[in-house]
Amino acid sequence: MSDAALTLVSHYLCPYVQRAAITLAEKAVPFEIRYVDLAAKPDWFLAISPLGKVPLLIVQQGGGSETVLFESAVICEYLEETQPGVRLHPADPLARARHRGWMEFGSSILSDLWGFETAKEEGTYETKRKALIEKFSRVEAELNGGPFFAGEAFSLVDAVFAPIFRYFEVFDAIAPTGLFDALPRVTAWCGELALRQSVRDAVTPDYPDRLRGFLINHDAWLLKRAA
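Q: Can you help me understand the overall build of the chain in this one?
A: Summing up its helical and strand segments, the chain has 10 helices and 4 strands in all. Listing the helices and strands of the chain from first to last along the sequence gives β-α-β-α-β-β-α-α-α-α-α-α-α-α. Taken over the C-alpha trace, the chain has a radius of gyration of 18 Å; the compact-globule value for 227 residues is 17 Å, and the two agree within 12%. By principal-axis analysis of the C-alpha atoms, the chain measures approximately 55 × 45 × 25 Å. Nonlocal contacts in the chain, meaning residues at least 24 apart in sequence, comprise 70% of its contacts between residues at least 6 apart. When the accessible surface of the chain is split by element, carbon and sulfur atoms take 54% of a total near 10900 Å².

Q: Sorry if this is basic, but what is going on with the pairing of strand β4 (residues 66–70) here?
A: The side chains of a regular strand alternate between both faces of the sheet. As defined by bridge partners, strand β3 (residues 56–60) adjoins β4 across 5 bridges and the pair is classed as antiparallel. Of the residues in β4, the one forming a bridge with leucine 57 is leucine 69. Here β3 hands over to β4 after 5 residues, with glycine 63 in that stretch at a positive phi of 90°.

Q: Help me understand the sheet that holds β3, please; the structure alone is not making it clear to me.
A: The pairing of strands in a sheet happens through backbone hydrogen bonds and is either parallel or antiparallel. Taken in spatial order, the 4 strands of this open sheet run β2-β1-β3-β4, and their pairing is mixed. Pairing within the sheet leaves two strands with one partner each, and these edge strands are β2 (32–35) and β4. Going across the sheet, the axis of each strand differs from the next one's by a mean of 20°, ignoring polarity.

Q: Got a minute to help me understand helix α4 (residues 93–117) in this structure?
A: Because the α-helix completes a turn every 3.6 residues, residues three or four places apart line up on one side. Taking 1.5 Å as the rise per residue, α4 with 25 residues should run 36 Å; its terminal C-alpha atoms sit 36 Å apart, in good agreement. Between the side-chain oxygen of the N-cap and the backbone nitrogen of leucine 94 there are 3.2 Å, and the N-cap of α4 in question is aspartate 92.

Q: Would you explain the pairing of β3 in this entry?
A: Burial analysis of β3 places 4 of its 5 residues in the buried class, the great majority of the element. Here 5 bridges tie strand β1 (residues 5–10) to β3, and the two strands are oriented antiparallel to one another. Bridging across to β3, alanine 5 finds its partner in glutamine 60.

Q: Just to check I follow, could you spell out helix α6 (residues 156–174) for this structure?
A: For α6, with 19 residues, the first-to-last C-alpha span of 29 Å sits near the 27 Å given by 1.5 Å per residue. Maximal helix bending in α6 amounts to about 25°, located at alanine 162; proline proline 163 follows within four positions. Most of α6 is tucked away, with 16 of its 19 residues classed as buried.

Criteria and cut-off values
Residues numbered from 1 in each chain as written. Predicted model: local features only at pLDDT ≥ 70, side-chain atom pairs only at ≥ 80, totals over all residues. Heavy atoms only, no water. Helix = DSSP H or I, 4+ residues; strand = E, 2+ residues; numbered from the N terminus. Rg over C-alpha atoms; globule rule 2.2 N^0.38 Å. Contact = heavy atoms within 4.5 Å. Areas by Shrake-Rupley, 256 points an atom, 1.4 Å probe, with all protein chains shown as cover. Pairing = 2+ DSSP bridges. Axes fitted to C-alpha atoms, helices over the stretch in contact; angles between N-to-C directions. Expected span 1.5 Å × (residues − 1). Polar contact = N/O pair within 3.5 Å; in protein donor to acceptor, adjacent residues only side chain to side chain. Buried < 20%, exposed > 50% of the residue type's maximum accessible area, 1.4 Å probe, protein only. Bend = angle between axes of the 7 residues up to and from the residue.

Structure follows, in structure tokens:
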């Protein structure tokens, strides 16, 4: 197990950062958080981020050595392998591989979600809305008794999907999207994750205002629907 000091480099709205923050909280691992403005990336950040993206996890070990990890999946896997606390991956190799696949599926949902939230006209909005419904319908078919993806145990799949569902808490408060209307298991999972302390603490209290500001800056069709 690692006793390194950990610093999570973050952006206020990034769902990928939230995955890492949730994982750290679930494992009760102490860490510092450092925010960057991705619209004006500081030199120190560009020097250590090969892709110019967040999250980064700065791992400071004894003797002054420092390693920077990038990509949320890599960070979460590192934390699972090195940190104490509850295990967030299944012990069974086949189940673990299945979970990793659904984590990747969550990333594909985020790609469609970007197009959905930045759509400036109704046609693009509806196309992305239908794509999201199709993907969440696939998730619906994978869910069983809950309350989490794998049943009673919170896992890294939950850490991936919680930030996705958080978007819709804000979106549906602005103008109902109807994405989950025919998906009762997804709706229940979404509600359960919203209550989880690690999920709630993964963003700052002004997250909804920041997300609304993002929509305004992108002239989002979602806001026009609400007008």
